[in-house]
Amino acid sequence: MEEYAYILDYLAQGLPTSGYAKREPLCYAVGEEEFKLFEIVPKANVAMNPCDRVYIGKEPSLRTHVDHIKRRVSFDELTSAAKAELEFVILSIVMNDQARFISFYNVAEAISLRKHMLEELPGLGKKTLMAILDERKKGKFKDFTEFANRVPLLKGPEKLIVRRIIQELSDLSLKHYIFVR
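Now for a look at the structure at hand. Just so it is clear, the structure is predicted and the values come from calculations on it, not from any experiment. (Residues numbered from 1 in each chain as written. Predicted model: local features only at pLDDT ≥ 70, side-chain atom pairs only at ≥ 80, totals over all residues. Heavy atoms only, no water.)

What about the pairing of strand 2 (residues 26–31)?
Inference 1: Counting buried positions along strand 2 gives 6 out of 6 residues, so the element sits mostly inside the fold.
Inference 2: Residues Leu26, Tyr28 and Val30 line one face of strand 2 and the alternating positions Cys27, Ala29 and Gly31 line the opposite face, and both faces are buried.
Inference 3: Taken together, the 6 bridges between strand 1 (residues 4–11) and strand 2 define a ladder with antiparallel strand orientation. If you follow Asp9 over to strand 2, its bridge partner there is Tyr28.
Inference 4: Relative to strand 3 (residues 37–42), strand 2 is paired through 4 bridges, and the arrangement is antiparallel. Within the sheet, the bridge partner assigned to Tyr28 lies in strand 3 and is Glu39.
Inference 5: In textbook terms, the turn of a hairpin is the stretch between consecutive antiparallel strands, and for strand 2 and strand 3 this stretch comprises 5 residues, one of which, Phe35, has a positive phi near 60 degrees. (Buried < 20%, exposed > 50% of the residue type's maximum accessible area, 1.4 Å probe, protein only. Helix = DSSP H or I, 4+ residues; strand = E, 2+ residues; numbered from the N terminus. Pairing = 2+ DSSP bridges.)

In structure tokens, the structure reads:
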């Protein structure tokens, strides 16, 4: 269950396709824990900006910005602005919770005899995989900076995780899901 979400797009006049009588402000947001995508109705007279972190949990007294969650949406239902903002918001989530995401590099295992879970990250090849596994034997990675220093073949390990999360959100035909529930 998502407790917090990050705003991707705020539509003060609602969707342009809805009738004038039914128009209400609307936001698109991504959940902080499970990366679920939502259509949110903000409270009256509350404007939101992209990257704002808002409470969407069950406790009504903590919902200072959100009136209610209208529905869950798919990646294809997001506006162009929301899709454009998604990478920056997910990068922010990953960087704010480095321990959670660096642990993936520390505990990832083989999926089968021929494929390792790390190979599911877009752009990660066998040579880099072996460098990560060799460094991991020496000790666990503490954060992304240390990771980049110990595995110089891979610049920006957090960006690989961000790309994988976006891939999991946008491609429903994937066989393995690592970060998105």
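Points about the pairing of strand 1
Inference 1: Of all 8 residues that make up strand 1, 6 are buried, and the element is covered over most of its length.
Inference 2: Pairing geometry for strand 1 and strand 4 (residues 53–55), over 3 bridges, is antiparallel. The partner of Tyr6 across the bridge, within strand 4, is Arg53.

So yeah, pure geometry; function would need other evidence.
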